[in-house]
Amino acid sequence: MKIIAFGGSPSKNSINKKLATYAASLFENAEVEVLDLNDFQMPLFTVDIEKEIGQHPLVKAFLEKISTADILVVSLAENNGNYSVAFKNIFDWCSRISGKIFQEKPMLLMATSPGARGGATVLEIAKNAFPRFGAIIIATFSLPSFNDNFDVEKRRISNVELDMKLREIVKNFYLEP
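Residues numbered from 1 in each chain as written. Predicted model: local features only at pLDDT ≥ 70, side-chain atom pairs only at ≥ 80, totals over all residues. Heavy atoms only, no water.

Novice: Please clarify how helix H1 (residues 15-25) should be interpreted in this entry.
Specialist: Each α-helix winds once per 3.6 residues, and so residues spaced three or four apart point in a common direction. When we look at burial in H1, the residues that qualify are Ile15, Asn16, Leu19, Ala20, Tyr22, Ala23 and Ala24. Where H1 begins, the side chain of Ser14 points an oxygen toward the backbone nitrogen of Asn16, at a separation of 3.3 Å. (Buried < 20%, exposed > 50% of the residue type's maximum accessible area, 1.4 Å probe, protein only. Helix = DSSP H or I, 4+ residues; strand = E, 2+ residues; numbered from the N terminus. Polar contact = N/O pair within 3.5 Å; in protein donor to acceptor, adjacent residues only side chain to side chain.)

Okay, structure coming up:
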C-alpha cells in the first residue's frame, strides 16, 4: 500500500506537513512518500499564462504522484480562513487538466494551526469541496493548538487523547472496494 502525504503549506517548517507525515507513519505496512509543495512551484495560475505556456510540467508531475497513491493523507494550512495560496495555485493548475484531481483516492483529510480551532474553517471548506474533485474522504481530523499538542522533537502528537483519536481513525481507515 502506498500513501502520498502532504501539508498544504510551502513553509519549510510546515506544521501541517509534520502532522501529515506523522499520520501517514501510523499506517501499518505502508510505503509513504511525503510531498513538499515547494517542489511544485509554478507561476500564479491565469488563463493568460496557461495559454502562453500550456500545461505546466509540474502540474503533470503532481497529478502523477497522486496517481501512484492508494491513500492520500492531506493536512491543510489555514490562511485567513482558506487554503494557502501555494496549495490553491497547485489545485487551480491541476483542475485545468483533470476535474478529478484526487483521482477517486481514499483520503484522510486533516488540518492544524497554532490556534484552538485547529484549522477548522479550511477543513470544513475542503470537506465540502474535495469530493467534487475526486476525493473519497474516509475521515477528518483537526489538531488544535499545534504548539501545545505536538512534540516537534519526537515528531508525534503529545496530547494523549488527541493521539489516541488519530490512531483510532487510522486503525479503522478502510479502502473502498
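What follows picks up the thread again.
Novice: I would appreciate a short explanation of the nonpolar core in the present structure.
Specialist: The tendency in soluble globular proteins is for nonpolar side chains to be buried side by side. With 32 residues, the main nonpolar core has Leu76, Phe87, Phe102 and Phe130 as its most contacted residues. Counting only elements with at least two residues in this core, the list comes to strand E1 (2-7), helix H3 (57-67), strand E3 (71-76), helix H4 (85-95), strand E4 (105-112) and helix H5 (120-129). Here this core takes five residues from H4, the largest share from any one element. Setting aside its immediate chain neighbours within four residues, Leu76 contacts Gly8, Asn16, Tyr83, Phe87, Leu109, Met110, Ala111, Thr112, Val122, Ala126 and Phe130. Among the nonpolar cores identified, the runner-up in size contains 26 residues, and Leu19, Ile71, Phe141 and Phe150 belong to it. (Core = buried A, V, L, I, M, F, W, Y, C linked by side-chain atoms within 4.5 Å. Contact = heavy atoms within 4.5 Å.)

Novice: Would you mind going over the pairing of E3 with me for this structure?
Specialist: Within a regular strand, the side chains alternate between the two sheet faces. Extensive coverage of E3 is indicated by the burial of six of its six residues. Of the two faces of E3, both are covered, the one formed by Ile71, Val73 and Ser75 as well as the one formed by Leu72, Val74 and Leu76. Pairing of E1 with E3 involves five bridges; the strand directions are parallel. Looking at the pairing, Gly7 lines up with Ser75 of E3. As paired strands, E3 and E4 are joined by five bridges and run parallel to one another. If you follow Leu76 over to E4, its bridge partner there is Ala111. (Pairing = 2+ DSSP bridges.)

Novice: What's the story with the layout of surface pockets in this structure? I'm lost.
Specialist: The probe, sized like a water molecule, is rolled over the atoms to show the empty space still left. Estimated volume of the largest pocket: approximately 160 Å³. Top contributing element to the lining of the largest pocket by residue count: helix H7 (residues 160-171), with three residues. Its residues assigned to classes, the lining of the largest pocket shows eight nonpolar, no polar and three charged. (1 Å grid on protein atoms, 1.4 Å probe; cavity = no way out; pocket = protein on both sides within 12 Å on 5 of 7 lines; lining within 4 Å. Points joined across faces, edges and corners; volume = space filled by probe spheres on them. Nonpolar A, V, L, I, M, F, W, Y, C, P; charged D, E, K, R; others polar.)

Novice: Please clarify how the sheet that holds E4 should be interpreted in this entry.
Specialist: Hydrogen bonds between backbone groups are what pair the strands of a sheet, and the pairing can be parallel or antiparallel. On the basis of which strands lie adjacent, the open sheet formed by five strands has the order E2-E1-E3-E4-E5 and parallel pairing. For this open sheet the edge positions go to strand E2 (31-35) and strand E5 (135-143), each flanked by a neighbour on one side alone. Averaged over neighbouring strand pairs, the angle between their axes works out to 20° when direction is ignored. As defined by bridge partners, E4 adjoins E5 across eight bridges and the pair is classed as parallel. Of the residues in E5, the one forming a bridge with Pro106 is Ile136. Each of E4 and E5 touches H7; the most contacted strand, E5, lies at about 170° to it. (Axes fitted to C-alpha atoms, helices over the stretch in contact; angles between N-to-C directions.)

Novice: Help me understand the environment of Ile3, please; the structure alone is not making it clear to me.
Specialist: Following the sequence through the fold, Ile3 ends up in strand E1. On the basis of relative accessibility, which here comes to 0%, the residue Ile3 falls in the buried class. Through-space distance from the C-alpha of Ile3 to that of Asp151 is 23 Å; in sequence the pair is 148 residues apart. Residues in contact with Ile3, not counting those within four places in the same chain, are Ala24, Phe27, Ala30, Glu31, Val32, Glu33, Ile71 and Val73.

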